[in-house]
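# Inside the fold
Chain by chain, the residues run as shown.
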Amino acid sequence: MDVLINVFVALHIIGIASLLGGFLTQMKAMGAGTARFVPAMLHGALTMLITGVALVGLNQADDHTLNNLKIGIKMAILVVILGLGYVKRDEEKVDKALFGAVGGLTMANIFIATLWV
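Residues numbered from 1 in each chain as written. Predicted model: local features only at pLDDT ≥ 70, side-chain atom pairs only at ≥ 80, totals over all residues. Heavy atoms only, no water.

### Comments concerning the packing of helix 3 (residues 39–61) against helix 4 (residues 68–87)
Between two packed helices, both the angle of their axes relative to each other and the distance between the axes serve to describe the pair. At their nearest, the axes of helix 3 and helix 4 sit 9 Å apart, and the two run at 155° to each other. Overall, the two elements helix 3 and helix 4 adopt an arrangement that is roughly antiparallel. The handedness of the crossing between helix 3 and helix 4 is left-handed. Residue-level inspection shows Leu42, Ala45, Leu46, Met48, Leu49, Val53 and Val56 of helix 3 in contact with helix 4, the latter providing Ile71, Met75, Leu78, Ile81, Leu82, Gly85 and Tyr86. A per-class count over the contact of helix 3 with helix 4 returns 13 nonpolar, 1 polar and no charged. (Axes fitted to C-alpha atoms, helices over the stretch in contact; angles between N-to-C directions. Helix = DSSP H or I, 4+ residues; strand = E, 2+ residues; numbered from the N terminus. Parallel < 35°, antiparallel > 145°, perpendicular 65-115°, else oblique. Left-handed = near helix turned anticlockwise from the far one by under 90°. Contact = heavy atoms within 4.5 Å. Nonpolar A, V, L, I, M, F, W, Y, C, P; charged D, E, K, R; others polar.)

### A short note on the pattern of salt bridges
Within this structure, the stated rule accounts for 1 salt bridge. Ionic pairing is found between glutamate 91 and lysine 88, a salt bridge with its closest N-O pair at 3.5 Å. The class for glutamate 91 is partly exposed, based on a relative accessible area of 33%. A residue is classified by how much of its surface remains accessible, and lysine 88, at 25% relative accessible area, is partly exposed. (Salt bridge = Lys/Arg side-chain N within 4 Å of Asp/Glu carboxyl O. Buried < 20%, exposed > 50% of the residue type's maximum accessible area, 1.4 Å probe, protein only.)

### Structural notes on unusual backbone geometry
Positive phi values are uncommon outside glycine, yet aspartate 63 reaches one of about 60°. By the element assignment, aspartate 63 lies in the loop between helix 3 and helix 4. Since its relative accessible area comes to 69%, aspartate 63 is described here as exposed.

### Section: empty space enclosed by the protein
Evaluation of the coordinates by the stated rule reveals 1 cavity of 30 Å³ or more. Taken as a whole, the largest cavity encloses approximately 40 Å³ of empty space. Along the walls of the largest cavity sit Leu19, Phe37, Met41, Leu42, Ala45, Ile81, Gly85 and Val102, which together make up its complete lining. Those elements that place two or more of their residues in the lining of the largest cavity are helix 3 and helix 4. Top contributing element to the lining of the largest cavity by residue count: helix 3, with 3 residues. (1 Å grid on protein atoms, 1.4 Å probe; cavity = no way out; pocket = protein on both sides within 12 Å on 5 of 7 lines; lining within 4 Å. Points joined across faces, edges and corners; volume = space filled by probe spheres on them.)

In structure tokens:
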């Protein structure tokens, strides 16, 4: 079971890398006001959602103690990111504040995952 959990953790990290990487590649465009949600961002967020739910199930099946509040907050942030990315995915340019909020929420999710014990 530990190997399977570690595979899903790796996939979860790949998802966050895709989401954050997509955001970072648009930073220069954000300064010019032409940033857009690239497909990698949406795909990364979806990967995070699927692997995150799988990780919760696998850890509960393996009788690990989970912090449900932490998981709930992370999931709520991810749903907001997914919602914004999905609604604005076809727009040629996205408002700076909205695009920056997605980057901030992504960073918040990373810090919650790593710093909240």
